[in-house]
Amino acid sequence: MRRHLPLLTVAALLAALLGLTPLTPHTSEARAAAPARAAAAGDQPYASYWHPDTLLDWDPATDPDARFNRSRVPLRPRVSDPALKANANARAGEGKIAALVSFGPTSNNPSQGSANPHYYAFGHWQYVDKLVFWGGSASEGLILAPNATVIDAAHRNGVKVYGTVFFPPTAYGGQIQWVRDFARKSGSTYPVADKLAQVAQYYGFDGWFINQETAGGDAALATELRNEMRYARSLGPVEFMWYDAMTESGAVTWQDSLTSANDSFLQEGSQRTADSMFLDFGWSAAGLGSSRTLARSLGRSEYELYSGIDTEANGHNTSVPWGSVFPAGQPHVTSLGIYRPEWTFTSSTGRADSHAREARYWDGANGDPSDTTTTSAWKGLAHYVPESSPVTAKPFVTSFGAGQGDFFHSGGVRVSSAGWNNLSLQDVPPTYRWLVTSTGSRLTPSIDFSDAYEGGSSLRLTGTLDAVNTVRLYQTRLPVAADTRLSVVLKTPAAGPTRLKAAVSFTDAPTAFTTLDLGSTTTTGWERRNLDLSAFAGRTIAQIGLQAAGSTPSYDIRVGQLAVHDGAVDTAAAPSGVTVLGATDVSAGAKSLRIAWTPSASGSVHHYEVYRRNADSSRTFLGATPNDALFLPRLDRAGTETSTTLEVEAVSTEYGRSPAANTTVGWSPVTESNLALGRPATASGQCNASETPAKAVNGSVSAGTTDKWCTTTSAKWLEVDLGAARGVDRLTVKHAEAGGEGASWNTRDFTLQVRGSTADPWTTVATVTGNTAATTTHPVSATARYVRLQITRPTQTSDPAARIYELEAWGS
């Protein structure tokens, strides 16, 4: 991808030199790099990358990571009803959007998510037609396959996914021999093309983006590249997008348009070469106009041309001549190719800021795709392209999962307090972000990360309710049968009227909503409403939304799940044959694991969830995948247990749960102790003379309310000196309820930190928000002398006192 070097910062150039961007200068010594490595038995699997010669050696049967990179989610069909587009200016059936996105570095990009909740969990699939998994570098590998989570999320939203073949400019380490290796012919075949097709079909993605910018080629090499793409396309369902760089002469001279110098990379006579072309960034109105004319003369659509814009540096502040590609009131001239829309994440200060930037980038300045009015030249992509929806078949279930979270819930119960990201678990995001109509104040919808019914987030509606508010959520194409039901799971701050109705419209009158009352709640927990749609049998649902009506100055309601299905909730058969493929010791009391199982023999499975069974019969969530194999980054030993039981259950597409299949993981004998027991403890303060810091390390919670440390200081902290630097495997905090006090006094928000000496900075090893448990356990892999608990919200209420019965540091 051509860069404008005068605009690169020193930091960007240093990053390139260090291999932190795809454009990385390096020598040929890296040709044998990486994916052929022999992974240790239980190590982290990563996305695959190769040079042309190492790709020829790839075999999924011998690549230990291959199984973990497979997507099991087929590409869903999409609909886009022109009558339901949010923005009147958007033009249906014309220009599309391709996004070139880097979700991580070329190397060391986890196959199945990770324990880091700070991740680019893209949420505007409804505007994207193709996603290119962007990456590649001279030092790591030129050919990069997408990881499974991105394929799963994209396909669930009807978006095609391409891997990247990146031949960098010579200034960034490119070697023309690599291009010749790539295009080498053997008899009537192209061996690298055979492998490209095999990789795409085995991993389950749709094609390849070819970015050839290495100088030194000739016309013969350019011809072989075209022949190779046509050959690969003949092998099966594999597509190609060609980047406008190398021309038919073999020279690298960016055309910024479709011209007679590069058109045969799209179409050569009657032969289709590539499925689409990405035009470099320097295009003009005249150039795009001539590109459209030439594409049509070749029998190709102008919308198979994607005019590129580079938003890596400036995001929605990028200057784009929109009128040249998407002229107001006229047909689009071409489609649009976006380079690095993840600027919304990489430039942000945190999750809320990232989501605000993404909304501005895609929906416009007003957070309303129907109203993109702004003085800025960047109106938002919703201004030009109508929404598409993959909600075309039953069952449809969404828990408004964003593919990341600070905890994990199952059926409204917290089964893990650890942060995570995994796009394989992302639900189809709402089609409209956000469309709210009201004659009075408008409620504010949001994806809320403080509570969930399933996963790590839910839909929340807040604000002043003083008029009817209709919230359009999903465009759909769901036929209604005699036993079709609409299910809604919701939660209110207090028992009482929800003031909320489910809203559906039908294809025979797609803009007219029929509402069904959700009544009142009887608790402050999650409650389900099952609504009978049999009265509408024979019709097809065109939209699903919500409607709030009534009067309250502080309306607040969460929706944890929406589902449309026929009959009772279906379950799948249990998986079987759970096997530990390998384990690697992380510390004396922790392992990383690769596990696998035989998929359910019957039933439709959305994903599989993996748990550990605890000594008190509770379960802790460890991970999930639609695949039949999963990497578990950390399994912690509980005390001195000799084995841990792992359970795998199938979650059906209607969110019914199968019985669990299980296996056990053995532990070697080890001596472990509470290193904080009886050690010197200091604190920010104490409530009275009997509630001292020493009470939090005395090993007891049974002596009543005087057996705790308590403080009401504005800054609340407790520190323990372990006496010497020791290996710490886990930290345990026993909160108010563990000592017999009320659950409402359990610590809600806190962090745990460690350091080796007083000269060292504190390292945060756990951050917890929204805790409700009496006892929390936090895996740690550290050598530390000092342990500190910092409390930011001491209770579930406004009570200002922190109450800690024990702070334990387990290790050896």
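Caption draft 1: The sheet that holds strand E28 (residues 540-548), seen in detail. Reading across from one edge, E18-E21-E28-E24-E25 is the order of the five strands in this open sheet, with antiparallel pairing throughout. With partners counted over all chains shown, the strands left at the sheet margins are strand E18 (435-438) and strand E25 (509-517), one partner each. This sheet shows a mean twist of 30° between the axes of neighbouring strands, independent of strand direction. Alignment of strand E24 (residues 500-506) against E28, held across seven bridges, turns out to be antiparallel. Residue pairing for E28: Lys501 is matched across the bridge by Gln547.

Caption draft 2: Spatial organisation of the packing of helix H5 (residues 191-203) against helix H6 (residues 219-234). Where H5 meets H6, the closest approach of the two axes is 9 Å, and the angle between their N-to-C directions is 40°. As summarised for this structure, H5 and H6 are arranged oblique, according to the angle between their axes. For the pair H5 and H6, the crossing hand works out as right-handed. Across from Val192, Ala193 and Asp194 in H5, the residues of H6 making contact are Glu228, Tyr231 and Ala232. Partitioned by chemical class, the residues of the contact of H5 with H6 number four nonpolar, no polar and two charged.

Caption draft 3: Layout of the pattern of salt bridges. All told, the structure shown has 42 salt bridges when counted by the stated rule. Its salt-bridge partner being Asp628, residue Arg67 comes within 3.4 Å of it at the nearest N-O pair. Taken together, the residues span a long stretch of sequence, with Arg67 in the loop between helix H2 (52-55) and strand E2 (97-101) and Asp628 in the loop between strand E33 (619-625) and strand E34 (629-636) at a distance of 561 residues. Residue Asp628 is classed as buried on the basis of its relative accessible area, which comes to 11%. With a closest N to O distance of 3.3 Å, Glu649 and Arg619 form a salt bridge. Taken together, the residues Glu649 in strand E35 (residues 643-652) and Arg619 in strand E33 connect sequence positions 30 residues apart. When its relative accessible area of 23% is taken as the criterion, Arg619 is described as partly exposed. Among the charged side chains, a network of salt bridges with common partners joins Glu454, Glu609, Arg613, Arg619, Glu647, Glu649 and Arg657.

Caption draft 4: Spotlight on unusual backbone geometry. In this structure, the amide linkage connecting Lys394 to the following residue, Pro395, adopts the cis form with an omega of 0°. With respect to the element layout, Pro395 can be found in the loop between helix H10 (351-362) and strand E13 (396-398). In the Ramachandran plot, Asn108 falls in the positive-phi region, its phi being about 60° despite a non-glycine side chain. Residue placement: Asn108 occurs in the loop between E2 and strand E3 (130-133). Judged by relative accessible area, Asn108 falls into the partly exposed class, the value being 49%.

Caption draft 5: Expanded view of the sheet that holds E33. The strand order E33-E32-E35-E36 describes an open sheet built from four strands, whose pairing is antiparallel. The open sheet is flanked by E33 and strand E36 (661-666), the only strands paired with a single partner. Shown here is a sheet whose adjacent strand axes are inclined to one another by a mean of 25°, direction ignored. As defined by bridge partners, E35 adjoins E36 across six bridges and the pair is classed as antiparallel. Counted as the bridge partner of Val648 is Ala661 from E36.

Caption draft 6: Summary view of the packing of aromatic side chains. Summed over the entire model, instances satisfying the criterion amount to 36 aromatic pairs. Consider the rings of Phe281 and Tyr339, whose centres lie 6.0 Å apart with planes at 50°: the pair is tilted. Here the residue Phe281 occupies a position in the loop between strand E10 (276-279) and helix H7 (285-297), and Tyr339 occupies one in strand E12 (residues 335-339), the gap between them amounting to 58 residues. Judged by relative accessible area, Phe281 falls into the buried class, the value being 13%. Here Phe400 and Tyr474 contribute two aromatic rings whose centre-to-centre distance is 6.4 Å and whose plane-to-plane angle is 40°, an arrangement assigned as tilted. Taken together, the positions of Phe400 in the loop between E13 and strand E14 (404-405) and Tyr474 in strand E21 (residues 469-479) put the pair 74 residues apart, joining distant regions of the chain.

Caption draft 7: View of the pairing of E28. Burial analysis of E28 places eight of its nine residues in the buried class, which makes it a mostly covered element. As defined by bridge partners, E21 adjoins E28 across eight bridges and the pair is classed as antiparallel. Paired with Gln475 across the two strands is Gln543, which belongs to E28.

Caption draft 8: Seen up close, the nonpolar core. Grouped together as the largest cluster of nonpolar side chains are 85 residues, with contacts concentrated most on Trp208 and Trp322. Those residues in contact with Trp322 that sit more than four places away from it in its chain are Ile309, Pro327, Leu336, Ala377, Trp378, Leu381 and Tyr384. Ile447, Leu490, Val504 and Ile541 belong to the second-largest nonpolar core, a separate cluster that totals 39 residues.

Caption draft 9: The environment of Gly141, seen in detail. Of note, Gly141 is situated in the loop between E3 and strand E4 (143-144). Distance in space between the C-alpha atoms of Gly141 and Gly412 is 43 Å, their sequence separation being 271 residues. Setting aside residues no more than four positions away along its own chain, Gly141 makes contact with Tyr49, Trp50, His51, Thr106 and Gly136.

Caption draft 10: Expanded view of the packing of helix H4 (residues 176-183) against H6. Where H4 meets H6, the axes come as close as 9 Å, and the angle between the chain directions of the two elements is 40°. Of the possible angle classes, the one that applies to H4 and H6 is oblique. Crossing of H4 over H6 shows left-handed handedness. Together, Ile176, Val179, Arg180, Phe182 and Ala183 of H4 and Leu221, Glu224, Leu225 and Glu228 of H6 make up the contact between the two elements.

Caption draft 11: Seen up close, the state of the cysteines. Taken as a whole and judged by the stated rule, the model has one disulfide. Covalently, Cys687 is tied to Cys710 through a disulfide, its sulfur atoms 2.0 Å apart. Linking Cys687 and Cys710, the disulfide has an S-S dihedral of approximately -60° and is accordingly described as left-handed. Pair noted here: Cys687 is in the loop between strand E38 (681-683) and strand E39 (709-711) and Cys710 is in strand E39, with a separation of 23 residues, a long-range link. You can call Cys710 buried: its relative accessible area is 5%.

Caption draft 12: Representation of the side chain of Lys491 within the structure. Looking at where Lys491 falls in the secondary structure, it is placed in strand E22 (residues 484-491). A polar contact of 2.6 Å, which involves the side chain of Lys491, links it to the side chain of Asp451.

Caption draft 13: Geometry of H10. Helix length check: H10, at 12 residues, gives a terminal C-alpha distance of 16 Å against a target of 16 Å (1.5 Å per residue), a fit within 8%. The set of residues buried in H10 consists of Ser354, Glu358, Arg360, Tyr361 and Trp362. The first or second residue beyond H10 is Gly364, which carries a positive phi of 110°.

Criteria and cut-off values
- Residues numbered from 1 in each chain as written.
- Predicted model: local features only at pLDDT ≥ 70, side-chain atom pairs only at ≥ 80, totals over all residues.
- Heavy atoms only, no water.
- Pairing = 2+ DSSP bridges.
- Helix = DSSP H or I, 4+ residues; strand = E, 2+ residues; numbered from the N terminus.
- Axes fitted to C-alpha atoms, helices over the stretch in contact; angles between N-to-C directions.
- Parallel < 35°, antiparallel > 145°, perpendicular 65-115°, else oblique.
- Left-handed = near helix turned anticlockwise from the far one by under 90°.
- Contact = heavy atoms within 4.5 Å.
- Nonpolar A, V, L, I, M, F, W, Y, C, P; charged D, E, K, R; others polar.
- Salt bridge = Lys/Arg side-chain N within 4 Å of Asp/Glu carboxyl O.
- Buried < 20%, exposed > 50% of the residue type's maximum accessible area, 1.4 Å probe, protein only.
- Phe/Tyr/Trp six-rings, centres within 6.5 Å; stacked < 30°, edge-to-face > 60°.
- Core = buried A, V, L, I, M, F, W, Y, C linked by side-chain atoms within 4.5 Å.
- Disulfide = S-S within 2.5 Å.
- Polar contact = N/O pair within 3.5 Å; in protein donor to acceptor, adjacent residues only side chain to side chain.
- Expected span 1.5 Å × (residues − 1).

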